[in-house]
Structure formats: C-alpha cells, structure tokens
Amino acid sequence: MTYVEKITKKNLLINGEWTEAKAYKPLYSPYSGEVLAEIPDATEQETALAIEAADRAKRVMAKLPAYKRAEILENLVQLLKERADEAAEIIALEASKPITAAKGEVARTIETYKFAAEEAKRIHGDTLPLDAASGGVNRLAYTVREPLGVIGAITPFNFPMNLVAHKVGPAIASGNTIVLKPASQTPLSAFFIAELLQQAGLPTGALNVVTGSGRVVGEKIVNDDRVSMITFTGSPAVGIAIRNKAGLKRATLELGSNAAVIIDQGVDLDKIILRCVEGAFSFQGQVCISLQRVYIHESLYEEFIEKFVPAVQKLKIGDPLDPETNVSALITPGDVERSLEWIHEAASSGATIATGGKAEGNILLPTVLVDAAADMKVSCQEVFAPIVIVDKVTSVEEAIQKVNDSRYGLQAGIYTNDIHTALNAIDALHVGGVMVNDIPTFRVDNMPYGGVKESGNGREGIKYAVEEMTELKLVVWNRN
C-alpha cells in the first residue's frame, strides 16, 4: 500500500501534535477528479494556535547550536532519500505533475535541504575596522546574525515540495520557527515533509502546518504581530496585498512572470529546439519561469517554426503516473477555461494557432501561437499553462525592448554566438536573472532567485534566504 493509498484524512500540525480540525474539505485529483483525502479547513482560531506554538518554540530554536540545526536537516535529507518514490507519487497525484518531473522535483528538494544543512554552519558576521574613523580608535567591532523569530510561509501548488523546502529549509538553518500554509490543492507534500521533520528531530512547535483558505489562514498569518516575516510565492495581486498589510514585517515575495528568450541570428536551432520545448511545456507551463515568449531573429523564424511545432506535437499527454507522459491536467478546470479564452482572444485578434488550442478534459493541448499582438493576454500576462508565443524580430535590440515591455521581470534568456551581444543584453534586460545561451526556465537551488517589477522582491536560494531570515546585530567593544 502506497503512502497516498493509506491517507483518508489529514490533521493540522500544531505544537508537534496532529490536531483534529473543526472542518474538512475533500482534496480532488486534477487529472481523475477522484478524492485523494480529507484536508483540514482551518479557522482563524486554529491558525492562531499554530502561531502561538511557533512563538513559544522560537526561543528553543534560537538557542539550538548550528551543528544541531544542520543535523536535523541532514536527517531529513536521508529520510527523504529513502522515501523518494512515495514523495514523487504524492506530487504526481495532488498536482498532476508527470511522474518523471515529480521525481526530478524530489531530487531537487533533497539538494535544497542539503544546501540548507550546509548553510546552517556558515552563518556569520564580519569584523569592522572602526579605527578607519578617527573616533573609532581602540574599539573592536563585529556583527552577528540572529534569527527573526516566527516565519510565515505561504507556498504555491506548482512545486509543492521544493518551494516548501526553499522556505522551511533556510528558516530551520537560521534558527527560526515556521507556520506553513501550503497551497490548498497540494497540502499532502507539506504534511509528508512535516512528518519526516518530526522523525528528523525538529523541536516541538518549530514547524506548524495549517491548511485552509487564504482569506482566513493567510490573513491571520500576515496580520499577526507575532509573525516576524512573510515569505510568499504566488500571484502579484496577493503579493501586493500582503506587502500592504505586512507593515514592518520582513517580506520576501516571489510573484508572477511571463519569461522570454531571445534567439539571435546564427544560432544552431537543432541544439536548442528541445530545450525550448522543455522550457515551455514542463509541468504544463505551470512554472514561474516557464518559457512563454520566444523572440527570434527574422532570418531563423521560419526554420524555428518548422522544427519547433513538430517537436511540440510529439509530446505525450495523459496520466501523470505514466512515466511516458509529458503533459497532464492543469491544476483546476477553471484554469483550462481561462487558458482557452485567452487563446481564442488571441486568435480572434489575428494570432495563428500553429498547434494545440484545444483541451481534452482537464488537459490543455500544448499550444504554440504566432503573430500574437503584444497587448494580448497570452503575451502580456502570465499564462501559467502550456502556451507559448513565437514572434520574429529584426534585431536583438528590438527583442530586448519587447522583453522589457512587461509588468514582470523574473528571468530572461538569450541565445547568441556573439559575446558583445550577450554582454549588452545582460546590461539592458530588466530582470532578476539573465541566462546566456539557455532558456529563462533554468534554476538550481543554491543560486539567488527573484525578480523585479511585479515579479516581486527579495531573493530565494538558501544562502540568500538565510540572509533575508536573519537580523544583523552590531557589537562594539570599547578598549579604552
């Protein structure tokens, strides 16, 4: 019997106890529509109990030595390695992520917690030469980093295990406690990790998992004065609302994107076609840095379409548990309807559907659009679906202008054989990360990750998240 088959009902994790909730909701599979489990629908009062538990535990975590924090995370790494297949099955079932991609997410999650274990032992400050100032002679100064306290973590459905790791891992590494609200569609991944962390030796109350409505659970986490920081991944509208309500709380916001790649003249398309297909259609395009816009030099445009579209048409759609599946169901039927509306809007305004543009049940067929105007939703908003537009440009400069003509600025990619072109693009692109000779969808878990404009603020990537989750304290000794 698998982990998921053993689940009938999950409870809230509050102060180390799996606590019965006042109300529950069914969790449905996006692919089959079957009920996977009954999930707590927490109240404001239940959320407050979780925050209270985290607040009490913060003193214990703050005093926990670095080697112990690292040891707990290393224990988690080992437990997750042993149960990696179960973890991947959970992701595939609750998110309809194709099992091969789900296994890749689990492998990344293991690496992420490993990075967190290593960073737990590298948190330090600096010594300062105060005698560089005339008034600082005979004084010794140094800085230390201290945990903030309670971290409120609100995570999305698209990487339900690894994006939890990007919040929980650095929080534990830096000696904080956590109140975690996972996405309503993907709570099983969070509960699974919480169970493993209990086995790994995490102190009671250091991690609390509360599921339910964002309007109830999320609001309470954001507004409660005992929470020192909010780390959120999700939509710009919600992120902006959190920023407006958070007051003096620290906030890291990883929000929307409509990532683009530029393909310069002279690029060998045979080397990049499959990479572009992967970037556009991995996990049904439900990735913050999914390749949504391709700007290609006019000299290569026809050849690109001739090679790209047949490669897209070879993708296999179907059951996420089938190892051969490339594309499965979108997270909700509503997302299928919205995506089809956006495609039809573009087509009625002059865009051409080169392939796709239809749905089979909750699966939207991988879709390629050409000649889509810049003001169409498929061009200027975040589609979060297996849709990509391809647009010809006369120069890299024109492409950069189109990339920057966006509310978002998370990551962008450029393929070019000219180093000067690449360096100029690096300077000119207004994004959080530039991938040279790669798609914007590239991410490994120790790199700084975050954006500009409506893509958010702050940075993830374990070392950088630890900096966000700690406070710098200055110490000055007077030797006179």
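Let me begin by describing the structure that accompanies this report. What you are looking at is a predicted structure, and each value in this text was computed from that prediction instead of being measured. (Residues numbered from 1 in each chain as written. Predicted model: local features only at pLDDT ≥ 70, side-chain atom pairs only at ≥ 80, totals over all residues. Heavy atoms only, no water.)

## Describing the overall build of the protein chain
Part 1 of the reasoning: Looking only at helices and strands, the protein chain has 15 helices and 24 strands in total.
Part 2 of the reasoning: For 480 residues, the compact-globule formula gives about 23 Å, and the C-alpha radius of gyration of the protein chain, at 23 Å, lands near that figure.
Part 3 of the reasoning: Its C-alpha atoms put the protein chain at 75 × 65 × 40 Å along the principal axes.
Part 4 of the reasoning: Here the protein chain holds 480 residues, and the buried ones make up 57% of them.
Part 5 of the reasoning: Considering only intrachain contacts with a sequence separation of at least 6, the fraction spanning at least 24 residues in the protein chain is 73%.
Part 6 of the reasoning: Put simply, the protein chain shows about 19500 Å² of open surface, and 51% of that area lies on carbon and sulfur atoms.
Part 7 of the reasoning: Both charge centroids of the protein chain, one from 48 positive and one from 61 negative side chains, sit 8 Å from each other. (Helix = DSSP H or I, 4+ residues; strand = E, 2+ residues; numbered from the N terminus. Rg over C-alpha atoms; globule rule 2.2 N^0.38 Å. Buried < 20%, exposed > 50% of the residue type's maximum accessible area, 1.4 Å probe, protein only. Contact = heavy atoms within 4.5 Å. Areas by Shrake-Rupley, 256 points an atom, 1.4 Å probe, with all protein chains shown as cover. Lys, Arg positive; Asp, Glu negative; His and termini not counted. Charge placed at Lys NZ, Arg CZ, Asp CG, Glu CD.)

## Regarding unusual backbone geometry
Part 1 of the reasoning: Not every positive phi belongs to a glycine, and Asp-371 is a case in point at roughly 60 degrees.
Part 2 of the reasoning: Relative to the helices and strands, Asp-371 resides in the loop between strand 17 (367–370) and helix 12 (377–380).
Part 3 of the reasoning: The phi dihedral of Lys-453 falls on the positive side, at around 55 degrees, and the residue is not glycine.
Part 4 of the reasoning: Mapped onto the elements, Lys-453 comes out in strand 22 (residues 452–453).

## Some thoughts on the sheet that holds strand 14 (residues 352–355)
Part 1 of the reasoning: Read across the sheet, 7 strands follow the order 14-17-18-13-12-20-21 without closing on themselves; strand pairing throughout is mixed. Only two strands of the sheet have a single neighbouring strand rather than two, namely strand 14 and strand 21 (433–436). Along the sheet, successive strands turn relative to each other by an average axial angle of 25 degrees, direction set aside.
Part 2 of the reasoning: Across 3 bridges, strand 14 lies against strand 17 in antiparallel orientation. If you follow Thr-355 over to strand 17, its bridge partner there is Val-368. (Pairing = 2+ DSSP bridges. Axes fitted to C-alpha atoms, helices over the stretch in contact; angles between N-to-C directions.)

## Details of the pattern of salt bridges
Part 1 of the reasoning: Following the criterion strictly, the structure yields 28 salt bridges and no others.
Part 2 of the reasoning: With its nearest N and O atoms 3.1 Å apart, the salt bridge here joins Glu-71 to Lys-68. Here the residue Glu-71 and the residue Lys-68 both occupy positions in helix 2 (residues 66–82), the gap between them amounting to 3 residues, near one helical turn.
Part 3 of the reasoning: Taking the relative accessible area as the measure of exposure, Glu-71 reaches 37% and is therefore partly exposed.
Part 4 of the reasoning: By relative accessible area, Lys-68 is classed as partly exposed at 28%.
Part 5 of the reasoning: Across the pair Lys-97 and Glu-105 runs a salt bridge, and its minimum N-O distance is 2.7 Å.
Part 6 of the reasoning: Judged by relative accessible area, which is 1%, Lys-97 ranks as buried. (Salt bridge = Lys/Arg side-chain N within 4 Å of Asp/Glu carboxyl O.)

## A word on helix 3 (residues 84–95)
Part 1 of the reasoning: Helix length check: helix 3 (12 residues) gives 16 Å between terminal C-alpha atoms against 16 Å at 1.5 Å per residue, within 8%.
Part 2 of the reasoning: Counting buried residues in helix 3 gives 9 out of 12 residues, a clear majority hidden from the surface.
Part 3 of the reasoning: Of all the residues in helix 3, the buried ones are Ala-87, Ala-88, Glu-89, Ile-90, Ile-91, Ala-92, Leu-93, Glu-94 and Ala-95.
Part 4 of the reasoning: Elements that come into contact with the buried residues of helix 3 comprise strand 3 (24–28), strand 4 (35–40), helix 2, helix 4 (99–120) and helix 6 (187–200).
Part 5 of the reasoning: Looking one or two residues beyond helix 3, the residue adopting positive phi is Ser-96, at roughly 55 degrees. (Expected span 1.5 Å × (residues − 1).)

## Section: the environment of Glu-303
Part 1 of the reasoning: Locating Glu-303 in the fold gives a position in helix 10 (residues 301–313).
Part 2 of the reasoning: The class for Glu-303 is partly exposed, based on a relative accessible area of 30%.
Part 3 of the reasoning: Measuring from C-alpha to C-alpha, the distance between Glu-303 and Leu-269 comes to 8.1 Å, with 34 residues separating the pair along the chain.

Nothing here speaks to function; it is all geometry.
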